[in-house]
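Residues per chain are reported as follows:
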Amino acid sequence: MKVLVIGPGGREHAIVRSLLADPNVSEVHAAPGNAGISKLVPTHAIDASDPDAVAALATRLTADLVVVGPEAPLAAGVSDAVRAAGIAVFGPSKAAAQLEASKAFAKEVMAEAEVPTAMARVASNAEEAADALDTFGAPYVVKDDGLAAGKGVVVTNNRAEALAHAQSCFNAGGVVVIEEFLDGPEVSVFVLCDGSNTVALAPAQDFKRIFDNDEGPNTGGMGAYTPLDWAPEGLVQEVIDRVAQPTVKQMALRGTPFVGVLFVGLALTSRGTRVIEFNVRFGDPETQAVLPRLKTPLGGLLMAAARGELDKAQPLRWSRESAVAVVVAAANYPDAPRTGDRIRGLKKAGSLEGVHIIHAGTRFDDEGKVVSAGGRVLAVVAVGTDLVEARERAYDGVELVQLDGCQFRTDIGGKAARGEIRVLSPGMPSGTKAKAQP
Ligand code: AMP
Ligand code: GLY
């Protein structure tokens, strides 16, 4: 099988790496890719968000399957164009991608499907925003309705700051979703969907804030680890029964079946498990940690989803090891990251036991050297027999990477490794009983 992977980041590098390990995948291409991806497979310099360009490339390559990584091409309708060209595609249609592209739409579908989530209100002017903020009280949660690369959400105790964020969204012509604050640890669960069937991957935890101890502004994600030993037994089954299946059913009823990854962002709050958000693609950097543990060949699985045949898939097989991904970000990320800096030490870091490097924002300069080209530059990924060993290996790797002014968190997976995560969640309201957990 010949597969074309669309996207430029770390998630796509991780997907390409796993596809290459699938014996039934004969050839992988990527567009546009990055420096790390181009060392593995042929890359093609096209605009990943141009549906016609992607469909034309897939046709020219006679690809059997196109895997769309990021949200922007999905929201732009890339999957629709590829499907119209008669090629199997793993990734939702433009209409189904609204589950991520509009937080207000996601809330509407969650309400229809009775998915437990935060109470929320949509506001389109300052008066409505102030009213909603006062209804829910502090801490205030204000979300840009549209796509914002994980940076459109402000969580603050400061009412003026919350209002200012809402106003900046209104000024840009948008609306905001204001919702109740959800306490408790967050979990990311990726659910593969084929329009009617669902298969969940092992849960992971992401670290959204730029600084240690969850301080500073939100980013796209500064690191991740998996599995989550502390997560309640039956969490994954609960996500399937109460979130993924009802949502997929609702999307099919609406005439916009969901094919691809339904990324369920959860908070395990003291009042129960709640959905924080839906995304319509694999998480970045969670994927960098999750895929190295997946023993089931990825290509076959994504093809089964694209063809509506997930019901025929064998139960997933997982390595018993733990995996940690530590993101190395550029100076001044997430504001205006500095780019064009030389990156050294990658070979050394990548040759440590259990360690590999996943590129995100990198490119080759004129001399063929790897330089930074984005906010999140790369991830050092390590697997180990347990979380403690995986963390040690990952941070040994990070120490060897040289990038001027780079930033990374030193506490990825730290609390979990020390057994310090407490879950007070009683599960989802009137949830079904737990059955299984990957
Ligand atoms: P989102 O883009 O909706 O995933 O939000 C990004 C991040 O903001 C989440 O991962 C949470 O850390 C935080 N967040 C979003 N919604 C809430 C909420 N209702 N309560 C607390 N934190 C939230
Ligand atoms: N790491 C969170 C995301 O991909 O949105």
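Everything below is about the structure printed above this text.
Residues numbered from 1 in each chain as written. Chains lettered and ligands numbered in written order. Predicted model: local features only at pLDDT ≥ 70, side-chain atom pairs only at ≥ 80, totals over all residues. Heavy atoms only, no water.

Peer 1: How do you make sense of the sheet that holds strand β8 (residues 176-179) when you look at a structure like this?
Peer 2: Two pairing modes exist for strands in a sheet, parallel and antiparallel, and in both the strands are linked by backbone hydrogen bonds. Strand order in the open sheet formed by 4 strands is β5-β8-β6-β7, and the pairing between neighbours is antiparallel. For this open sheet the edge positions go to β5 (120-123) and β7 (153-156), each flanked by a neighbour on one side alone. Strand-to-strand twist in this sheet, taken as the mean axis angle between neighbours without regard to direction, amounts to 20°. Of the pairings in the sheet, the one linking strand β6 (residues 140-144) to β8 comprises 4 bridges and is antiparallel in character. Note that in β8 the partner of K143 across the bridge is V177. Strands β5, β6 and β8 of the sheet are contacted by helix α8 (residues 126-136), whose axis makes an angle of about 165° with β5. Contacting β5, β6, β7 and β8, helix α9 (residues 159-171) crosses the sheet at an angle of about 10° to β6. (Pairing = 2+ DSSP bridges. Helix = DSSP H or I, 4+ residues; strand = E, 2+ residues; numbered from the N terminus. Axes fitted to C-alpha atoms, helices over the stretch in contact; angles between N-to-C directions. Contact = heavy atoms within 4.5 Å.)

Peer 1: It is not clear to me how helix α10 (residues 235-253) should be interpreted in this structure. Could you clarify?
Peer 2: Since the α-helix turns once every 3.6 residues, residues separated by three or four places project in the same direction. End to end, α10 covers 26 Å across 19 residues, agreeing with the expected 27 Å (1.5 Å per residue, within 8%). Of all the bends in α10, the greatest measures close to 35° and is centred on D241. Summarising burial for α10: 14 of the 19 residues are buried, a large majority. Count one or two residues on from α10 and you reach G255, which has phi positive near 85°. (Expected span 1.5 Å × (residues − 1). Bend = angle between axes of the 7 residues up to and from the residue. Buried < 20%, exposed > 50% of the residue type's maximum accessible area, 1.4 Å probe, protein only.)

Peer 1: Would you explain the packing of α8 against α9 in this entry?
Peer 2: The packing of two helices is summarised by the inter-axis angle and the distance between the axes. Following both chains from N to C, one finds α8 and α9 inclined at 145°, their axes separated by 10 Å at the closest point. Judged by the twist between their axes, the crossing of α8 over α9 is right-handed. Together, A126, A129, A130, L133 and D134 of α8 and R159, A162, L163, A166, Q167 and F170 of α9 make up the contact between the two elements. By residue class, the composition of the contact of α8 with α9 is 8 nonpolar, 1 polar and 2 charged. (Left-handed = near helix turned anticlockwise from the far one by under 90°. Nonpolar A, V, L, I, M, F, W, Y, C, P; charged D, E, K, R; others polar.)

Peer 1: What is the right way to look at the site of ligand 1 in this model?
Peer 2: Taken together, 14 residues are adjacent to ligand 1, and E179, L182, E186, K208 and E277 come closest. Between K103 and ligand 1, the recorded distance is 3.1 Å, taken from a side-chain N or O atom to an oxygen atom. A distance of 2.9 Å is found between a nitrogen atom of ligand 1 and a backbone nitrogen or oxygen belonging to E180. Considering ligand 1 on its own, with 470 Å² of exposed area, one finds that the protein chains cover 93% of that surface. (Near = heavy atom within 4 Å. Polar contact = N/O pair within 3.5 Å; in protein donor to acceptor, adjacent residues only side chain to side chain. Areas by Shrake-Rupley, 256 points an atom, 1.4 Å probe, with all protein chains shown as cover.)

Peer 1: Explain empty space enclosed by the protein here, please?
Peer 2: Over the atoms a probe the size of a water molecule is rolled, and this reveals where empty space is left. Tallied over the full model, the rule gives 1 cavity of 30 Å³ or more. Computed from the structure, the largest cavity encloses a volume of approximately 70 Å³. Lining the largest cavity are L99, K103, A106, K107, M110, K143, V177, E179, I276, E277 and F278. Looking at the lining of the largest cavity, the elements that each hand over two or more residues are α7 (103-112), β8 and β16 (272-279). If one sorts the elements of the lining of the largest cavity by residue count, α7 sits on top with 4 residues. (1 Å grid on protein atoms, 1.4 Å probe; cavity = no way out; pocket = protein on both sides within 12 Å on 5 of 7 lines; lining within 4 Å. Points joined across faces, edges and corners; volume = space filled by probe spheres on them.)

Peer 1: Looking at this structure, how should I read the site of ligand 2?
Peer 2: In the vicinity of ligand 2, the residues found are D206, K208, G220, F263, N279, R281, G283, D284, P285 and E286. Taking R281, its side chain carries an N or O atom lying 2.7 Å from an oxygen atom of ligand 2. Within the backbone of D284, one N or O atom sits 2.8 Å away from a nitrogen atom of ligand 2. Contact with the protein chains hides 92% of the accessible area of ligand 2, taken as 200 Å² for the molecule alone. In terms of residue class, the shell around ligand 2 is made up of 2 nonpolar, 3 polar and 5 charged.

Peer 1: I tried to follow the sheet that holds strand β15 (residues 259-269) on my own but got confused; where do I start?
Peer 2: Spatially, the 4 strands line up as an open sheet ordered β10-β9-β15-β16, and their pairing is antiparallel. The strands lining the two open edges of the sheet, one partner per strand, are β10 (198-200) and β16. Pairwise comparison of adjacent strand axes, ignoring direction, gives a mean angle of 30° for this sheet. Of the pairings in the sheet, the one linking β15 to β16 comprises 7 bridges and is antiparallel in character.

Peer 1: Help me out: how do you make sense of the environment of G77 in this one?
Peer 2: By secondary structure assignment, the location of G77 is in the loop between α4 (71-75) and α5 (78-84). Among the residues examined, G77 registers a relative accessible area of 8% and is labelled buried. Dropping the residues within four chain positions of it, G77 is found in contact with P51 and K94.

Peer 1: I'm lost on the packing of aromatic side chains in this one. Help?
Peer 2: In this description, an aromatic ring pair is defined by two values, namely the gap between the centres and the angle between the planes. Scanning all chains against the criterion turns up 4 aromatic pairs. Three or more aromatic residues link up through ring pairs in this structure, and these residues are F90, F190, F263 and F282. (Phe/Tyr/Trp six-rings, centres within 6.5 Å; stacked < 30°, edge-to-face > 60°.)

Peer 1: Looking at this structure, how should I read the nonpolar core?
Peer 2: Nonpolar side chains tend toward joint burial in soluble globular proteins. Counting residues in hydrophobic clusters, the biggest one holds 77 residues, and the most contacted among them are L99 and V191. With 8 residues, α10 is the largest single contributor of residues to this core. With 36 residues, the next largest nonpolar core counts L201, L298, L301 and A304 among its residues. (Core = buried A, V, L, I, M, F, W, Y, C linked by side-chain atoms within 4.5 Å.)

So, to be careful, I would describe these as geometric facts and stop short of saying anything about function.
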